[in-house]
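Structural features, examined
This is what each chain is made of:
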Amino acid sequence: MEVKEVNAANKKGMYENVMRQFDHAADTMSLSPGIRKILASTNNEIVVHFPVKLDNGEIEVFTGYRVQHNNALGPYKGGLRYHPTVDIDAARALAMWMTWKTALAGLPYGGGKGGIQLNPKIYSNSELERITRRFTFALGENIGPDHDIPAPDVNTNAQIMAWISDTYSSTKSTSIRQKNLHVVTGKPVGSGGLEGRDRATGFGVVSTIKSWAKAHNQDLNGKRFIVQGFGNVGYWASYFLEKEGAKLIAVQDASGTMINKNGINPDELNAHCTETNGSISAFKNATFIDSEEFFGIECDIIIPAALGNQITMDNVDKINTKLIAEGANGPLDTEAEKVLLEKGIDIIPDILCNSGGVIGSYYEWLQNKRSENWKMDDVLNLIQDKVSTAYFKTVDMAKLHSTDMRTAAYVVALTRLELTYKERGVFP
Ligand code: GLU
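Remember, it's a predicted structure, so these values are computed and weren't measured experimentally. Here the residue numbers are simple positions, counted from 1 along each chain's written sequence. Two thresholds apply to this predicted model, a pLDDT of at least 70 for residue-level local features and 80 or more for giving and counting side-chain atom pairs, whereas whole-chain, interface and lining totals are computed over all residues. As a convention, hydrogens and water are excluded, and side-chain values are obtained from all of the structure's heavy atoms.

Now for the overall build of the protein. Regarding its fold elements, the protein presents 15 helices and twelve strands. Computed over C-alpha atoms, the radius of gyration of the protein comes to 20 Å, within 12% of the 22 Å expected from 2.2 N^0.38 for 428 residues, which places it in the range of a compact globule. Seen through its C-alpha atoms, the protein measures out along the principal axes to roughly 55 × 55 × 40 Å. Burial classes follow relative accessibility: with a 1.4 Å probe on protein chains only, a residue under 20% of its type's maximum area counts as buried, one over 50% as exposed, and anything between as partly exposed. Buried residues in the protein amount to 59% of all 428 residues. Summarising the internal contacts of the protein: among those between residues at least 6 apart in sequence, 70% fall at separations of at least 24. Only DSSP runs of H or I with at least four residues qualify as helices, and only runs of E with at least two residues qualify as strands; both kinds are numbered from the N terminus onward. The reference for a compact globule is 2.2 Å times residues^0.38; the radius of gyration itself is calculated from the C-alpha atoms. Contacts were defined at the residue level, with two residues in contact if any of their heavy atoms lie within 4.5 Å.

Before going further, it helps to examine the packing of helix α2 (residues 13–29) against helix α4 (residues 88–105). Working note: a packed helix pair is described by the angle between its axes plus the distance between those axes. The axes used here are C-alpha line fits, helices contributing only the stretch in contact, and every angle between their N-to-C directions lies in the interval 0 to 180 degrees. Where α2 meets α4, the closest approach of the two axes is 7 Å, and the angle between their N-to-C directions is 35°. Crossing angle aside, the handedness with which α2 passes α4 is left-handed. Across the interface between the two elements, Met-14, Tyr-15, Val-18, Met-19, Gln-21 and Phe-22 of α2 pack against Asp-89, Ala-90, Arg-92, Ala-93, Leu-94, Met-96, Trp-97 and Trp-100 of α4. Residue composition of the contact of α2 with α4, grouped by class: eleven nonpolar, one polar and two charged. With the far helix as reference, a near helix turned anticlockwise by less than a right angle produces a left-handed crossing, and one turned clockwise produces a right-handed crossing. We call Asp, Glu, Lys and Arg charged. Ala, Val, Leu, Ile, Met, Phe, Trp, Tyr, Cys and Pro are nonpolar, and the rest, Gly among them, are polar.

Successive residues of a regular strand alternate their side chains across the two faces of the sheet. For two strands to pair, DSSP has to find at least two bridges joining them. Across ten bridges, the pairing between strand β1 (residues 44–53) and strand β2 (residues 59–70) is antiparallel. Following the sheet pairing, Val-48 is matched in β2 by Gly-64. Two successive antiparallel strands, β1 and β2, enclose a turn made up of five residues, where Gly-57 displays a positive phi of approximately 90°.

Attention shifts here to the packing of aromatic side chains. Working definition: a ring pair exists when centres of Phe, Tyr or Trp rings (six-membered ring for Trp) sit within 6.5 Å. Plane angles under 30 degrees give stacked, over 60 give edge-to-face, the rest tilted. Per the stated rule, a full pass over the model turns up 19 aromatic pairs. Arranged with centres 5.0 Å apart and planes meeting at 90°, the rings of Tyr-239 and Phe-240 form a pair that is edge-to-face. Taking relative accessible area as the criterion, Phe-240 reaches 13% and is therefore assigned buried. Among the aromatic residues, ring-to-ring pairing joins Phe-203, Phe-230, Tyr-235, Trp-236, Tyr-239 and Phe-240 into one connected group. Above the ring of Tyr-168, the side-chain terminus of Lys-172 is found at 3.9 Å from the ring centroid. Across the ring face of Trp-365, the terminal group of Lys-369 is positioned such that the distance to the ring centre comes to 4.3 Å. For a ring to carry a charge above it, either NZ of a lysine or CZ of an arginine must fall within 6 Å of the ring centroid while also lying within 35 degrees of the normal to the ring plane.

Salt bridges are counted wherever a side-chain nitrogen of Lys or Arg sits within 4 Å of a carboxyl oxygen of Asp or Glu. The tally for this structure, following the rule as stated, stands at 25 salt bridges. Of the charged contacts in the structure, one is a salt bridge between Glu-418 and Lys-422, with a shortest N-O distance of 3.7 Å. With a gap of four residues between them, Glu-418 and Lys-422 both fall in helix α15 (residues 405–424), about one helical turn apart. Shared partners join several salt bridges into a network, and the residues in it are Arg-224, Glu-298, Asp-300 and Lys-322.

This part is about the side chain of Glu-127. Residue position: Glu-127 is located in helix α5 (residues 125–139). Charge assignment in this entry is limited to Lys and Arg as positive and Asp and Glu as negative, and neither His nor the chain termini are counted. At 4.8 Å, Arg-130 is the nearest oppositely charged side chain to Glu-127, a buried residue that forms no salt bridge. Setting aside its immediate chain neighbours within four residues, Glu-127 contacts Leu-54, Asp-55 and Ile-122.

Time to look at the environment of Gly-111. Inspection of the secondary structure puts Gly-111 in strand β4 (residues 111–116). As for Gly-111 and Leu-31, which are separated by 80 residues in sequence, their C-alpha atoms are 19 Å apart. Once you skip the residues sitting within four places of it in the chain, Gly-111 turns out to touch Val-67, Gln-68, His-69, Asn-70, Tyr-76, Lys-77, Ala-95, Met-98 and Thr-99.

Turning our eyes to something else, we now look at the sheet that holds β4. The strand order β1-β2-β4-β3-β5 describes an open sheet built from five strands, whose pairing is mixed. The strands lining the two open edges of the sheet, one partner per strand, are β1 and β5 (148–152). Between one strand and the next, the sheet's axes are offset by a mean angle of 20°, whatever the strand orientation. In terms of strand pairing, strand β3 (residues 76–82) meets β5 through five bridges, oriented parallel. Its bridge partner lying in β5, Leu-80 is registered against Pro-152.

In the vicinity of the ligand lie 14 residues, with Lys-77, Lys-101, Lys-113, Asp-153 and Ser-361 positioned nearest. For this analysis, a polar contact is any N or O atom pair within 3.5 Å, provided that within protein one partner can donate a hydrogen and the other can accept it, and provided that sequence-adjacent residues contribute only side-chain to side-chain pairs. Lys-77 is positioned with one of its side-chain polar atoms (N or O) 2.8 Å from an oxygen atom of the ligand. Within the contact set of the ligand, an oxygen atom lies 2.8 Å away from a side-chain nitrogen or oxygen of Lys-113. For accessible areas, the Shrake-Rupley method is used with a probe of radius 1.4 Å. Any residue's cover is judged against the shown protein chains and nothing else. The protein chains hide 95% of the 300 Å² of surface that the ligand would expose on its own. Of all the secondary structure elements, the ones that give two or more residues to the shell around the ligand are β3, α4, β5 and α13 (356–369). Along the lines of polarity and charge, the residues of the shell around the ligand split into four nonpolar, five polar and five charged. Summary of the distance rule: residues count as near a molecule or strand when at least one heavy atom falls within 4 Å of that molecule or strand.

Before going further, it helps to examine unusual backbone geometry. Peptide bonds are trans in most cases, and residues, glycine excluded, mostly fall at negative phi. The linkage connecting Phe-427 with the following residue, Pro-428, adopts the cis geometry, with an omega of 5°. Positive phi is not limited to glycine here, since Asn-309 has a value of about 55°. Positioned with a positive phi, Ser-371 is a non-glycine residue whose angle comes to about 50°. Structurally, the position occupied by Ser-371 is in the loop between α13 and α14 (376–401).

Following this line, the structure appears as structure tokens:
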């Protein structure tokens, strides 16, 4: 089955997945019933339909979403994705994951997520600019630097964040225009972005893998890894893991699957992808194989870095690895996860594994609020610190409750949220 088809078939699965994970964690820690009710629902769900003139003069109406799950710990925070699978259920699930992710990382944020249901590959750059600007305008006051702060996600990037920031600021009065830079994070460095934010997610993924190696007395040198998705997360995770001496032996994306047991050079592949509009197809230094074979490739580490629900009961039996590091949000179905845990395969859950991205965003936001310019090395050190603190907190919680890493990560996050609600109470 093609990656694309798997995604379409499991479009609804992500929301069911996040709720099953939440219920299990809430049971494990005996979360107070009232707080459980609050966290099981989303605060606000914004759906906008907006027209955009295409290059050929025709008008198209697009549908955009922003779900604001919870803001008990701070402003809503989370990405915007441009993909055909974006719908209200996907946005709900992804917004919830952001609430757990920011709480686990100890950030002063809540969780939100959104995007536009479209295939960005069929639009020109100027069409994407108009779509983005009109979407920002349609969201209006539903986003804001101290209210809800979007960031890049699947198929969105620094350029798109710059357009959002510019549109948002341009529609404000001149006196506050300059104070609105941090309405989005993940901007280009020249437009208030943070050095290192581009690689923050992949860097964070590898920081968690390094923590895993430390906790399990493993050496990453010589470890073979495979990556699904070679966008921002897939590339940077491969880049940093290769620096630890590990070897990238297979890559899959929506266009195909390729393998080279002697190693694929992440930089060479990235250079190829910049020529092919992001696709790995026709890369010279690897052999293309049937896509169904991907998850059966024998390796030490699998990094799913594409979309949700990729490892399910349909393919879980093939998995032949020691560790799954979830660069993507929600790549594992809860049933498949049980099978993997029974087999003794370790899983670094998404809300921990890919939290380097939102941690980087937090430092960008602080940099903008303080009108400063931070340095890449300092930023990466800060991210590594926060990610490894969250990793070992999760390990301790897993021991305390004799549970798996995902449930433990949820319990760390939910404990923080529960305390806040208990201290503050519920208005009125
Ligand atoms: N889209 C990323 C995520 O899922 C980053 C979110 C952010 O930086 O706000 O974590």
